[in-house]
Amino acid sequence: VLPVPPMSIRFDQAAGTLSPAGPELTRRMSDLEGLFLDQNAWRTAVADGDPIVYSVVSSLVPEADRELPQSITTIQPGSTGGEFWMTKGHQHPNHQGEIYLGISGRGGLLMFDGTDTRWVDMTPGTIGYIPPGWAHRSVNVGGKPYSFLAVYPGGAGHDYGWVLEYGLGQRVWRQDDGVAFGGYFAE
Ligand code: PAN
Ligand code: ZN
């Protein structure tokens, strides 16, 4: 892992880019297998253009012990089978904390520790805190792209299988007048 010097990092909100830039990734609908409750709606969306659901741009700070990597996630507006578009969600296997800062749009931070579920509304300027041991997923509940900055310990790791197995406690549904929460697993 290459060490990085003290530096500033610019985020161009219109372009959604960081400079200097590190890794970037794009998550399409096909990358979200098994996450939406309505599997038929998910399959239809994959067949119907496989849209980009979210993208993540990272700085050059490496994911290594004692470093503090950052990334900016942008979730597109939309819903599938009535469920708002969201990130895959993960648990940090080493149970380390993380902070998010809302940049633009309207979203939320869904957290689950295996027993309790918490929701934090995220608007520009909101700092959301994820304590150690809480799995987390971000959801765009607005009509425009939702972007936020994440800062996390470089040695935290990302466990996506945890969410497939245990879920996130709640699902976030689009309603005419806003947002509704429901149970995670099908009856
Ligand atoms: C974030 C997430 C990012 C994408 O940087 O990794 O929002 O979500 P998924 O990783 O669940 O696809 C973070 O929480 N890092 O730890
Ligand atoms: Zn995380």
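Residues numbered from 1 in each chain as written. Chains lettered and ligands numbered in written order. Predicted model: local features only at pLDDT ≥ 70, side-chain atom pairs only at ≥ 80, totals over all residues. Heavy atoms only, no water.

With that settled, the discussion passes to the confidence of the model for the protein chain. Low-pLDDT portions of the prediction should not be read for the details of their coordinates. Mean pLDDT for the protein chain: 96, with 99% of residues reaching 70 or above. This prediction of the complex comes with two scores: 0.97 for pTM and 0.99 for ipTM. (pLDDT = per-residue confidence, 0-100.)

Looking now at the pairing of strand β4 (residues 52-58). By the criterion of burial, β4 is predominantly enclosed, with five of the seven residues buried. Direction of pairing for strand β3 (residues 24-28) relative to β4: antiparallel, over a ladder of five bridges. Bridge pairing in β4 places R28 opposite I52. As judged from the five bridges shared by β4 and strand β5 (residues 70-75), these two strands associate in the antiparallel manner. Along β5, the bridge assignment pairs Y54 with I75. (Buried < 20%, exposed > 50% of the residue type's maximum accessible area, 1.4 Å probe, protein only. Helix = DSSP H or I, 4+ residues; strand = E, 2+ residues; numbered from the N terminus. Pairing = 2+ DSSP bridges.)

For a metal with four tetrahedral donors the ideal donor-metal-donor angle is 109.5 degrees, while six octahedral donors give ideal angles of 90 or 180 degrees. Only H90 (NE2), H92 (NE2), E98 (OE) and H136 (NE2) from the protein reach the zinc ion (ligand 2) as donors, at distances of 2.1 to 2.3 Å. Angles of 74 to 176° at the metal separate the six donor atoms of the zinc ion (ligand 2), which places the site in the octahedral class. Site description for the zinc ion (ligand 2): donor spacing in sequence, H-x1-H-x5-E-x37-H. Judged by relative accessible area, which is 1%, H92 ranks as buried. (Donors = N, O, S within 2.8 Å, 3.2 Å for Na, K, Ca; no water. Tetrahedral: all angles 85-135°; square planar, octahedral: opposite > 155°, others 65-115°.)

What follows covers the site of ligand 1. Around ligand 1, the structure places 17 residues, and the nearest of them are Y54, T73, Y100, H158 and Y160. A distance of 3.0 Å separates an oxygen atom of ligand 1 from a polar atom in the side chain of H90. Y100 places a polar side-chain atom, nitrogen or oxygen, 2.6 Å from an oxygen atom of ligand 1. Those elements that place two or more of their residues in the shell around ligand 1 are β4, β5, β8 (98-104) and β13 (146-151). When grouped by side-chain class, the residues that make up the shell around ligand 1 number seven nonpolar, eight polar and two charged. (Near = heavy atom within 4 Å. Polar contact = N/O pair within 3.5 Å; in protein donor to acceptor, adjacent residues only side chain to side chain. Nonpolar A, V, L, I, M, F, W, Y, C, P; charged D, E, K, R; others polar.)

Here we take up unusual backbone geometry. A cis geometry characterises the amide bond from S19 onward to P20, with omega recorded as 0°. For D50, which is not a glycine, the phi torsion comes out positive at approximately 40°. Assignment of secondary structure puts D50 in the loop between α1 (39-47) and β4. Despite not being glycine, R66 has its phi angle at roughly 75°, a positive value. Its location among the elements puts R66 in the loop between β4 and β5. By relative accessible area, which is 86% here, R66 ends up exposed.

Attention now goes to the pairing of strand β15 (residues 178-183). As defined by bridge partners, strand β14 (residues 170-175) adjoins β15 across six bridges and the pair is classed as antiparallel. Across the sheet, the residue bridging to W173 is A180, located in β15. Between β14 and β15, which pair antiparallel in sequence order, lie two residues.

Below, the discussion takes up the side chain of R171. Of note, R171 is situated in strand β14. At 2.6 Å, the side chain of R171 and the side chain of E83 are in polar contact. Apart from residues no more than four positions distant in its own chain, R171 is found in contact with L35, F36, L37, E83, A180, F181, G182, G183 and Y184. (Contact = heavy atoms within 4.5 Å.)

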